Amino acid sequence: MDGGSGGDEFAVGCLLSIKTTFGDEFEGQIITYDRPSNILVLQEGLKSNPQSRRNIRLLKANYIKEFSFLGQSEDPLDLKKCYLDLHSLQSKEDAAVRQAEIDVERIGVGVTAEAQSIFDALSKTLPVRWDKTVIVVMNEVRVSSPYLAESVTGGTPAANERVRKVLELERRRLQTRGGGQ
């Protein structure tokens, strides 16, 4: 759908059935249409109980594959019918902050890109964390710079051998990738 299409079909209050280019299908009521950005703001959840919670969706009109007009409704911005679930929003924010903290802990400080790649490879199959520039695997095996098989210390012989094997495979993979560039 092009941004130059009159926009008259996007009148506030219209009820539409929409299919997007991503394969989503939903029904919603237009809250507003911003012509310069070509973005529709839609309110979903109208079919169910009118008193129930509703979702707000922002959709760039370019991503609308097809739509059909279902009718016209009352003012979608009636403040008596608006509801924000602050507990749900707070839970989503808390989860996002926790995930960001976890992601930050997985990034080594003062380590090379190669060391980070090795850490990432180990983390796919084993629990790992950074202790400054040392990779700690399974809370017992330590891999120090230069992150070679000979740099693996601590832990049980079986754990030590497993870390060495993953480390050697990742080093081989990094060499192959580096040699091809």
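Predicted model only: the values in this text are computed from it and were never measured.

**Let's talk about the overall build of the protein chain**
Now for step 1: In terms of regular secondary structure, the protein chain is built from three helices and nine strands.
Now for step 2: Helices and strands in the protein chain line up, N terminus first, as β-β-β-β-β-α-α-β-β-β-β-α.
Now for step 3: Out of the 181 residues belonging to the protein chain, those deemed buried represent 30%.
Now for step 4: Within the protein chain, counting contacts between residues at least 6 apart in sequence, those at least 24 apart form 39% of the total.

**Considering a nonpolar patch on the surface**
Now for step 1: Taken together, Leu-84, Leu-86 and Leu-89 make up a surface patch of nonpolar side chains, about 330 Å² in accessible area.
Now for step 2: Among the secondary structure elements, Leu-86 is positioned in helix 1 (residues 86-105).

**Observations regarding the sheet that holds strand 2 (residues 25-34)**
Now for step 1: Taken in spatial order, the five strands make up an open sheet running 4-3-2-1-5, and their pairing is antiparallel. Both edges of this open sheet fall to strand 4 (55-60) and strand 5 (64-72), since each of them pairs with a single strand only. Along the sheet, successive strands turn relative to each other by an average axial angle of 40°, direction set aside.
Now for step 2: When strand 3 (residues 39-44) meets strand 4, the two strands line up antiparallel, connected through six bridges. Pairing of Leu-42 across the sheet is with Arg-57, part of strand 4.

**Quick notes on the pattern of salt bridges**
Now for step 1: If you walk through the whole model with that rule in mind, you get six salt bridges.
Now for step 2: Note that Glu-44 and Arg-57 form a salt bridge whose closest N and O atoms lie 3.2 Å from each other. Placement of Glu-44 in strand 3 and of Arg-57 in strand 4 is noted, with a sequence separation of 13 residues between them.
Now for step 3: A salt bridge links Glu-170 to Arg-173, with the nearest nitrogen and oxygen atoms 2.6 Å apart. Residue Glu-170 and its partner Arg-173 are located together in helix 3 (residues 157-179), separated by three residues, close to a single helical turn.
Now for step 4: A relative accessible area of 38% means that Arg-173 is categorised as partly exposed.
Now for step 5: Linked through salt bridges whose partners overlap, the residues forming this network are Asp-24, Glu-44 and Arg-57.

**Some thoughts on the pairing of strand 2**
Across a regular strand the side chains alternate sides, sitting on one face of the sheet and then on the other.
Now for step 1: As judged from the five bridges shared by strand 1 (residues 14-20) and strand 2, these two strands associate in the antiparallel manner. The partner of Ser-17 across the bridge, within strand 2, is Glu-27.
Now for step 2: Connecting the antiparallel pair strand 1 and strand 2 is a turn made up of four residues, with Gly-23 showing a positive phi of about 95°.
Now for step 3: Hairpin remark: strand 2 followed by strand 3, antiparallel, with four residues in the connecting loop; positive phi at Asn-38, about 65°.

Calculation notes
- Residues numbered from 1 in each chain as written.
- Predicted model: local features only at pLDDT ≥ 70, side-chain atom pairs only at ≥ 80, totals over all residues.
- Heavy atoms only, no water.
- Helix = DSSP H or I, 4+ residues; strand = E, 2+ residues; numbered from the N terminus.
- Buried < 20%, exposed > 50% of the residue type's maximum accessible area, 1.4 Å probe, protein only.
- Contact = heavy atoms within 4.5 Å.
- Patch = residues over 30% accessible without salt bridge, like charges linked within 9 Å, V, L, I, M, F, W, Y side chains within 5 Å.
- Areas by Shrake-Rupley, 256 points an atom, 1.4 Å probe, with all protein chains shown as cover.
- Salt bridge = Lys/Arg side-chain N within 4 Å of Asp/Glu carboxyl O.
- Pairing = 2+ DSSP bridges.
- Axes fitted to C-alpha atoms, helices over the stretch in contact; angles between N-to-C directions.

These results come straight from atomic positions and should not be treated as a statement about function.
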